[in-house]
Number of protein chains: 2
Amino acid sequence: MFLHQVAHYLPEQVVDNEHFTKLNGLSDEWIVQRTGIQLRRKAASAENSHSMGVEAVKSLLDKIQIDISEIDLIVGATYTAYDTIVTLGHAVQHFIEVADIPVVTISSACSSLLNAVEVVEGYFAMNKASKALVITSEHNTGYYNETDTVSGHLWGDGAAALLFTKERVSDGDMEMRSLVTGGAATSGKATEAVVLRPNERGVIMPFGRDVFINACTYMPKASLTVLEKCGLTVEDVSYVLPHQANLRISMNVMNTLGLPEEKLISNIQYLGNTGCAGCAIGLSEHWSRFQPGDHIVITVFGGGYSYGAMLLRK
Amino acid sequence: MFLHQVAHYLPEQVVDNEHFTKLNGLSDEWIVQRTGIQLRRKAASAENSHSMGVEAVKSLLDKIQIDISEIDLIVGATYTAYDTIVTLGHAVQHFIEVADIPVVTISSACSSLLNAVEVVEGYFAMNKASKALVITSEHNTGYYNETDTVSGHLWGDGAAALLFTKERVSDGDMEMRSLVTGGAATSGKATEAVVLRPNERGVIMPFGRDVFINACTYMPKASLTVLEKCGLTVEDVSYVLPHQANLRISMNVMNTLGLPEEKLISNIQYLGNTGCAGCAIGLSEHWSRFQPGDHIVITVFGGGYSYGAMLLRK
């Protein structure tokens, strides 16, 4: 299967570290040192994970070389749902006005991008679809407590839309060469380290250290797995796009893989942790940079725990 | 693929119509006439959609003829998530202690049972899994407003767990012969008729009439589609298990299909609308009733809108 195009949407409001200094007494230096985050985006009061997802799709429409009416599958991905019954996928179906196609919305926390792509891979394998929209969207500020000094300063909002096709549509498409996902709910403090209980306190991360350790273990391991499946090694990798949770985690992943900082793609510095949208936004931001033959590894880790890796070739 | 077994869990507390008479002035006769509902179950304060899903899996373990360690895929389904990061699927993975298998949780509202089965079908088609747990669980009373006279009296809680396998495991397995799902977010008042916005008012159903009309259209249509795909007609159908939303909708579906009431399987009378768990609970309740050669149609419709049908043969 192929990734034909990707586009993203970011809300306008920019929140700097000074905001959290005033609010919680956390200094810019303290935040940057621990997370790499300098800025993040915050959705306006009329925005939500569905509206941002639709905006990303609007942006995608300007870029694609097929007619939107040919879309035959929609998979939404979010853990910050605006509506869990009229889901993100349904909001997008309503917008693109394509009736009677499978529509589903998933969550495996921050790893959902790759879980969504794997669901698409399944529909393609069954011949039940051949042109699929994947929409990742997170409205973290809709569920966070910004006065939480442990994790309130981490979160940002944003969305991205990706168009996957079973057959190649254009020379610029990326081939999806390999994909693995896994739940790791049996590891460490998986079931309590990052939680979002809508009826309780929203998104919190009481055990950041445990997340750090497991993220730094699972992402390199999953990356090596997808490379091995294609008979490749880390030397063949052009870029790595890890889940945008913490710059120190990303650097640790690069270090474990033995890859230089220049091969890291990162947006956490100016977007914060945008959940399952982070890597997809990064792909969109750097799309024109990828050259024929480039291999890009996307690797994710999320609460629950869950992890995955995907190998793309331009 | 085959359905090897199914089990369910219902919370202990029973809520009768008199409760809503006292609370909202709705008479037993009024409720029964419009919905068919006489009783429903309500989760205890320590219960939630995850704990009920785990209880259903516990019950399943007593019935299955394979070792739980062989499970290689978990798909959770709920629109009433206890936690959207540590999802229902992760809660079940944590319980069964099987590491490094794909885990994903989905929502397409009340139709999610069939969307989850279709995700499993995809993993089987890719050869990425061969023994999958599907868990449907709804904690409607965690998100409802019982003083809402429009829909407060409709909702019940419950969960079911199903084990699907790529190959037949035992003579008692049901063959999954055909499955279709579809989003219908372009129809009627799809994006506002039934909603659950965790940051707003929880689950409400402001346009019940539009739900009724579309449910009565899509469920018979989807049922006929799965029959046609197998070269069968309604005369070959032993039982129909429609989404348990309203007894009048179920009767209307049977009427449109030209099938007698005896072939309808229904639990809404004593469980209320248990969301995407309703049909799976019904399958579990009636499992011993199905005879070799029986064809059972499960057809669903949910907010969003979304629909589907699946044909099982004992």
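Model, not experiment: these values are computed from the prediction. (Residues numbered from 1 in each chain as written. Chains lettered and ligands numbered in written order. Predicted model: local features only at pLDDT ≥ 70, side-chain atom pairs only at ≥ 80, totals over all residues. Heavy atoms only, no water.)

### Description of the interface of chain A and chain B
Definition in use: Whether two residues touch is decided by their heavy atoms; if any such pair falls within 4.5 Å, the residues are in contact. Once two parts are put together, the accessible area they lose, assessed with a 1.4 Å probe and summed over both, is termed the buried area. What counts as a salt bridge is simple: a side-chain nitrogen of Lys or Arg found within 4 Å of a carboxyl oxygen of Asp or Glu. Each polar contact in these results corresponds to two N or O atoms within 3.5 Å; when the atoms are within protein, one needs to be able to donate a hydrogen and the other to accept it, and residues that are neighboring in sequence are counted only if both atoms are side-chain atoms. Helix numbers and strand numbers start at the N terminus; a helix is a DSSP run of H or I with at least 4 residues, a strand a run of E with at least 2. Classes in brief: Ala, Val, Leu, Ile, Met, Phe, Trp, Tyr, Cys and Pro nonpolar; Asp, Glu, Lys and Arg charged; the others, Gly included, polar.
Counting from both sides, the interface comprises 59 residues of chain A and, opposite them, 59 residues of chain B. Between chain A and chain B, a total of about 4600 Å² is buried, with carbon and sulfur atoms accounting for 53% of that surface. At the junction of chain A and chain B, the tally comes to six salt bridges. Among the ionic pairs, D83(B) bridges to R197(A), the shortest N-O distance being 3.3 Å. Linking chain A with chain B are 42 residue pairs in polar contact (both at pLDDT 80 or more), by the criterion used here. For the side of chain A that touches chain B, the secondary-structure elements that each account for two or more residues are α4 (88-96), β5 (103-107), α5 (112-126), β8 (174-183), β9 (195-197), α6 (208-229) and β13 (306-313) of chain A. Per-element tally for the side of chain A that touches chain B: the top contributor is α5(A), with eight residues. Classifying every residue of the side of chain A that touches chain B by side-chain character gives 30 nonpolar, 20 polar and nine charged.

### A short note on the UniProt feature "domain: Beta-ketoacyl-[acyl-carrier-protein] synthase III C-terminal" (unreviewed entry) in chain A
Heads up, the condition is: UniProt positions are given in the numbering used here, feature names are shortened, and annotations may be inferred rather than shown by experiment.
The UniProt feature table records "domain: Beta-ketoacyl-[acyl-carrier-protein] synthase III C-terminal" (unreviewed entry) at residues 227-313 of chain A. Between the end C-alpha atoms of residues 227-313 of chain A the distance is 11 Å, and the span holds 31% helix and 23% strand.

### Observations concerning the pairing of strand β4 (residues 73-77) of chain A
Residue and element names in this part refer to chain A. Put simply, the rule reads: For each residue, the accessible area found with a 1.4 Å probe, counting protein chains only, is set against the maximum for its type, and the residue is called buried under 20%, exposed over 50%, and partly exposed in between. By the convention used here, strands pair only if DSSP detects at least 2 bridges between them. A crossover counts as right-handed when, viewed with the strands pointing away from the observer, the path leading from the first strand over the helix to the second turns clockwise.
Taking burial as the measure, the five residues of β4 include five buried ones, the bulk of the element. Examined bridge by bridge, β4 and strand β6 (residues 131-139) share five bridges and lie parallel to one another. Following the sheet pairing, I74 is matched in β6 by L133. In terms of handedness, the path from β4 via α4 over to β5 forms a crossover that is right-handed.

### So, empty space enclosed by the protein
What counts here: A pocket, in this scheme, is an open set of points on a 1 Å grid over the protein atoms alone with protein on both sides within 12 Å along at least 5 of 7 lines, while a cavity is a set where a 1.4 Å probe fits but cannot get out; residues line either one if an atom lies within 4 Å of a point. Grid points are joined across faces, edges and corners, and a volume is the space filled by probe spheres set on the points.
Across all of its chains, the model carries three cavities of 30 Å³ or more by this definition. Approximately 210 Å³ is the volume attributed to the largest cavity. Lining the largest cavity we find 21 residues, and of these T78(A), T84(A), S107(A), T78(B) and S107(B) sit closest to its centre. In this structure, the second largest cavity occupies an estimated 120 Å³ of space. What lines the second largest cavity is a set of 14 residues, and nearest its centre among them are C110(B), V211(B), H243(B), A245(B) and F301(B). Of all the secondary-structure elements, those providing two or more residues to the lining of the second largest cavity are α6 (208-229) and β12 (295-302) of chain B.

### Section: unusual backbone geometry
Here G304(A) and Y305(A) are connected by a cis peptide whose omega angle stands at -15°. With respect to the helices and strands, Y305(A) occurs in the loop between β12 (295-302) and β13. The phi angle at E97(B) is positive, at roughly 60°, despite the residue not being glycine. Looking at the element boundaries, E97(B) is found in the loop between α4 (88-96) and β5 (103-107). The backbone of A109(B) shows a phi angle near 55°, a positive value even though the residue is not glycine. With respect to the helices and strands, A109(B) occurs in the loop between β5 and α5 (112-125).

### Some points on the domain arrangement of chain A
Residues and elements named next belong to chain A. Filter applied, for reference: All domain edges in this entry derive from an automatic or database-based domain assignment.
Here the domain parsing of chain A yields domain 1 (2-165) and domain 2 (174-313). Spacing between the C-alpha centres of domain 1 and domain 2 amounts to 16 Å. On the side of domain 2, 46 residues touch domain 1, which itself brings 50 residues to the contact. Across the domain 1 to domain 2 interface the summed buried area is about 3700 Å²; carbon plus sulfur atoms make up 67%. The interface formed by domain 1 and domain 2 includes zero salt bridges. Connecting domain 1 to domain 2 are 17 residue pairs in polar contact (both at pLDDT 80 or more). When contributions to the side of domain 1 that touches domain 2 are tallied by element, the ones reaching two or more residues are β1 (2-9), α2 (28-35), β3 (39-42), α5, β6 and β7 (157-165).

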